[in-house]
Amino acid sequence: MAITAKDVNKLRQMTGAGMMDCKKALVEADGDFDKAVEILRKKGQKISASRSDRETNEGAVFVKSADDLKEAVLISLNCETDFVAKNEEFQQAGKSIIEVAFNEKPANVEELKQLKVGDLTIEEKLTELVGKIGEKIDIGAYERLSAEMVVSYIHAGDRLGVLVALENTGGEAEEAGRDIGMQIAAMNPVALDKDGVDQSVIDRELEIGREQARAEGKPDNIIEKIAEGKLNKFYKENTLVNQAYVKDSSMSVEKYLDSVNKGMKVVAFKRVSVSE
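Worth saying up front: this structure is predicted, and the values here are computed from it rather than measured. (Residues numbered from 1 in each chain as written. Predicted model: local features only at pLDDT ≥ 70, side-chain atom pairs only at ≥ 80, totals over all residues. Heavy atoms only, no water.)

Engineer: Teacher, can you tell me more about the overall build of the protein chain here?
Structural biologist: When helices and strands are tallied, the protein chain shows 11 helices and 10 strands. Computed over C-alpha atoms, the radius of gyration of the protein chain comes to 25 Å, more than 25% over the 19 Å expected from 2.2 N^0.38 for 276 residues, which places it beyond the range of a compact globule. Overall size of the protein chain, expressed as C-alpha extent along the three principal axes, is 90 × 50 × 30 Å. Per-residue burial over the protein chain gives 43% buried out of 276 residues. Put simply, 62% of the contacts in the protein chain that link residues at least 6 apart link residues at least 24 apart. For the protein chain, the accessible area works out to roughly 14900 Å², and carbon and sulfur atoms hold 46% of it. Distance between charge centres in the protein chain, computed from 40 positive and 51 negative side chains, equals 3 Å. (Helix = DSSP H or I, 4+ residues; strand = E, 2+ residues; numbered from the N terminus. Rg over C-alpha atoms; globule rule 2.2 N^0.38 Å. Buried < 20%, exposed > 50% of the residue type's maximum accessible area, 1.4 Å probe, protein only. Contact = heavy atoms within 4.5 Å. Areas by Shrake-Rupley, 256 points an atom, 1.4 Å probe, with all protein chains shown as cover. Lys, Arg positive; Asp, Glu negative; His and termini not counted. Charge placed at Lys NZ, Arg CZ, Asp CG, Glu CD.)

Below is the structure:
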């Protein structure tokens, strides 16, 4: 069967694949458009496999919040280059995925990939996009929070996003939550408070404190006290509620929120970056 330029262009409009790829697929499929689409999809799968070891340190984060701000979802869609991250199809894919994630509430990234966008699963859609663009593309992270109020913050460049869950809100709570989102983006706390710090991290910090004290020649009977002091300093610098508030270092994040509305506090946060 003769393959016309009109046929090739039609398949290109359907799939977004290159002209030569479309022509080869139509020839292989003997002019059957459905088979040609499947051939191109398989080509995408081969590209995915061949690029599976590539690093995806570029991309964008996408967020969707409920109208009442009681729930929000955050994902990162990763790729290999900044050029592709700005591609219209890449951006549209991210928007489609975040809509599905928000509406369907999957438990994790793997469940999200099995949900459908149109006739294809998200995993198949990403494979198809890899076939068109020629870069590894994957969902890097998926986070969801529910609370009395969940505020989102997207850092300039769309490479980093934060969700902040608040309780006892009132007054300027949304603006305060966005300020705390900015703090989380900049300071990257390891946990909400000291109770959220992993025991292995605590053990490591204590041991570092002991080693530093010994290196400074401190007496054995005060080494443990010095180590505890250094651990408390670690908590102050690395746990969100204990950090100095970036816009007013005279108060902690905890005290800042309480000053905005008595009893207001952060109960959870999520931070997603395309390069982490």
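Read on for the rest.
Engineer: Quick question: what am I supposed to make of the packing of aromatic side chains here?
Structural biologist: In this description, an aromatic ring pair is defined by two values, namely the gap between the centres and the angle between the planes. Considering all chains together, one arrives at two aromatic pairs under this definition. With a centroid separation of 3.9 Å and an interplanar angle of 10 degrees, the aromatic rings of Y245 and Y256 are classed as stacked. You can see Y245 sitting in strand β8 (residues 244-245) and its partner Y256 sitting in helix α11 (residues 253-260), a full 11 residues away along the chain. Accessibility assignment for this pair places Y245 and Y256 in one class, buried. Between the NZ or CZ atom of K64 and the centre of the ring of F102, over which it lies, the distance is 5.3 Å. Above the plane of the ring of F102 lies K105, whose end atom (NZ or CZ) is 6.0 Å from the centre. (Phe/Tyr/Trp six-rings, centres within 6.5 Å; stacked < 30°, edge-to-face > 60°. Lys NZ or Arg CZ within 6 Å of the ring centre and 35° of its normal.)

Engineer: Looking at this model, I keep getting lost on the nonpolar core. Mind explaining?
Structural biologist: I75, L77, F90, I97, L112, I137 and I139 are the most contacted members of the largest nonpolar core, which totals 26 residues. Every element with two or more residues in this core is listed here: β1 (58-65), β2 (71-79), α4 (82-85), α5 (88-104), α6 (109-114), α7 (122-133) and β5 (138-146). The element contributing the most residues to this core is α5, with seven residues. Judged by nonpolar contacts, the second largest core, of 23 residues, contains Y153, V162, L240 and Y245. (Core = buried A, V, L, I, M, F, W, Y, C linked by side-chain atoms within 4.5 Å.)

Engineer: Honestly, the confidence of the model for the protein chain in this entry has me stumped. Any pointers?
Structural biologist: Do not read the predicted coordinates in detail wherever pLDDT is low. Taken over all residues, the pLDDT of the protein chain has a mean of 93, while the share at 70 or more is 100%. The element-level mean pLDDT for the protein chain is lowest in helix α3 (residues 33-50), coming to 81, with strand β7 (residues 160-167) highest at 98. (pLDDT = per-residue confidence, 0-100.)

Engineer: Is there a simple way to think about the sheet that holds β5 in this case?
Structural biologist: What holds strands together in a sheet is hydrogen bonding between their backbones, with the strands either parallel or antiparallel. The antiparallel open sheet is built from three strands, whose spatial order is β1-β2-β5. Edge positions in the sheet fall to β1 and β5, since each of these pairs with one other strand and no more. Between one strand and the next, the sheet's axes are offset by a mean angle of 15 degrees, whatever the strand orientation. Here β1 runs beside β2; their pairing, made up of eight bridges, is antiparallel. Residue K64 lies in a different strand from β2, and its bridge partner there is V73. (Pairing = 2+ DSSP bridges. Axes fitted to C-alpha atoms, helices over the stretch in contact; angles between N-to-C directions.)

Engineer: What exactly am I supposed to notice about the side chain of T127 here?
Structural biologist: Relative to the helices and strands, T127 is located in helix α7. Leave out the neighbours within four places in its chain, and T127 touches R41, G44, Q45 and S48.

Engineer: Looking at this structure, I do not really get unusual backbone geometry. What am I missing?
Structural biologist: A negative phi holds for most residues other than glycine; trans holds for most peptide bonds. Phi is positive for D158, which is not a glycine, with a value near 60 degrees. In this fold, D158 is placed in the loop between β6 (149-154) and β7. In this structure, N188 is a non-glycine residue whose phi angle is positive, near 45 degrees. Here N188 is to be found in the loop between α8 (173-187) and α9 (199-215). Looking at N188, the relative accessible area reads 36%, which means it is partly exposed.

Engineer: When you look at the pairing of strand β9 (residues 248-252) in this model, what are you seeing that I'm missing?
Structural biologist: Regular strands show a simple pattern: their side chains alternate between the two faces of the sheet. Sheet analysis places β8 next to β9, joined by two bridges and oriented antiparallel. Looking at β9, one finds that Y245 is bridged to D248.

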